[in-house]
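# Geometric and topological summary
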Amino acid sequence: MGEILALDRAAFPGEPTWGPENFLAELPGKWALSFLAQEPSELVGFSISSTPPERTAHLHRIAVATDRRGSGIGRRLIEETLAALAPLPIDRYTLEVPDAQRASGFYDALGFRRIVRADEIEDYLARRGKTAKRDAYLGPRADRRIYVRELAR
Ligand SMILES: CC(C)(COP(=O)(O)OP(=O)(O)OC[C@H]1O[C@@H](n2cnc3c(N)ncnc32)[C@H](O)[C@@H]1OP(=O)(O)O)[C@@H](O)C(=O)NCCC(=O)NCCS
């Protein structure tokens, strides 16, 4: 647990980090859809996903060690998750980017598309039970981006 907490702190400097309670929280499908990227002597990445209701999977968090970025580890973590999702009755894989620039190019490279239409954003918020926070996602003050990858069925 110490290694994953240290990687998380380094990956999100100046932001709220996750504690053991976040990593260990029980969520539907989480243990089959979350991955560690392990090199012989160190943890170099992780991804945490789950399957909330409504045939959707969601990426909660992903990080790669600073000195190992750009070598395909993030791609591999997402591809492992997509492979684990393939046999499940899941139509879409979603995630949120908390500010304008963060990691958008990474998700573009991995075949996600940004949701911009208000009705799609509303649908996403309803599926995730987040309608009370819609100001953060819709309108001129919106600062969060939502990405989706539709899964072939
Ligand atoms: C985002 C993150 C997980 C990417 O991991 P990574 O191992 O460096 O990514 P990869 O090397 O697998 O890159 C996969 C593809 O995304 C592209 N990519 C990665 N980061 C990118 C960026 N910041 N901007 C544009 N493209 C990017 C790569 O060029 C690569 O494209 P290709 O396979 O077509 O050549 C990593 O940078 C990280 O941990 N960032 C800090 C934590 C964070 O921001 N997490 C996401 C929160 S929303």
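Our subject is the structure listed above.
The notes below deal with the structure included here. (Residues numbered from 1 in each chain as written. Predicted model: local features only at pLDDT ≥ 70, side-chain atom pairs only at ≥ 80, totals over all residues.)

### Let's talk about the overall build of the protein chain
From N to C terminus, the protein chain includes six helices and six strands. Ordered by position from N to C terminus, the α and β elements of the protein chain give α-α-α-β-β-β-α-β-α-β-α-β. A globule of 153 residues ought to have a C-alpha radius of gyration of about 15 Å, and the protein chain, at 15 Å, matches this closely. In terms of principal-axis extent, the alpha carbons of the protein chain reach across some 45 × 35 × 30 Å. Within the protein chain, buried positions represent 21% of all 153 residues. Contacts spanning at least 24 positions in sequence make up 58% of the contacts within the protein chain whose residues lie at least 6 apart. (Helix = DSSP H or I, 4+ residues; strand = E, 2+ residues; numbered from the N terminus. Rg over C-alpha atoms; globule rule 2.2 N^0.38 Å. Buried ≥ 20, exposed ≤ 12 C-beta atoms within 10 Å, placed from the backbone. Contact = placed C-beta atoms within 7 Å.)

### Looking at the site of the ligand
As a matter of local geometry, the ligand sits amid 17 residues, with Arg69, Gly74, Arg75, Gly105 and Ala109 nearest to it. Among the elements of the structure, strand 3 (56-64), helix 4 (73-85) and helix 5 (104-109) are those that each provide at least two residues to the shell around the ligand. Here the residues of the shell around the ligand are counted per class, giving nine nonpolar, five polar and three charged. (Near = placed C-beta within 6 Å. Nonpolar A, V, L, I, M, F, W, Y, C, P; charged D, E, K, R; others polar.)

### Structural notes on the sheet that holds strand 3
Taken in spatial order, the six strands make up an open sheet running 1-2-3-4-6-5, and their pairing is mixed. Among the strands making up the open sheet, the edge pair consists of strand 1 (35-39) and strand 5 (113-115). Neighbouring strand axes in the sheet, compared pairwise and without regard to direction, differ in orientation by 30 degrees on average. Sheet contacts for helix 1 (residues 2-11): strand 2 (42-50) and strand 3; angle to strand 2, the most-contacted strand, approximately 85 degrees. With respect to the sheet, helix 4 is in contact with strand 1, strand 2, strand 3 and strand 4 (92-97), its orientation differing from that of strand 2 by roughly 40 degrees. (Pairing = 2+ DSSP bridges. Axes fitted to C-alpha atoms, helices over the stretch in contact; angles between N-to-C directions.)

### Notes on the nonpolar core
Residues Phe46, Ala63 and Tyr147 are the most contacted members of the largest nonpolar core, which totals 23 residues. Taken together, the elements giving at least two residues each to this core come down to strand 2, strand 3, helix 4, strand 4 and strand 6 (145-150). At five residues, the largest contribution of residues to this core is made by strand 3. (Core = buried A, V, L, I, M, F, W, Y, C linked by C-beta atoms within 7 Å.)

### As for the environment of Leu36
Within the fold, Leu36 resides in strand 1. Using a count of 14 C-beta atoms within 10 Å as the deciding quantity, one classes Leu36 as partly exposed. Spatially, the C-alpha atoms of Leu36 and Trp18 are 16 Å apart, while their sequence positions differ by 18 residues. Apart from residues lying up to four places away in sequence, Leu36 is in contact with Leu43 and Phe46.

### A closer look at the pairing of strand 4
Here four bridges tie strand 3 to strand 4, and the two strands are oriented parallel to one another. Paired with Leu59 across the two strands is Leu95, which belongs to strand 4. Chirality of the crossover, the property in question, places the unit of strand 3, helix 4 and strand 4 among those that are right-handed. Looking at chain direction, strand 4 and strand 6 are connected through six bridges and run antiparallel. (Right-handed = clockwise from strand over helix to strand, strands pointing away.)

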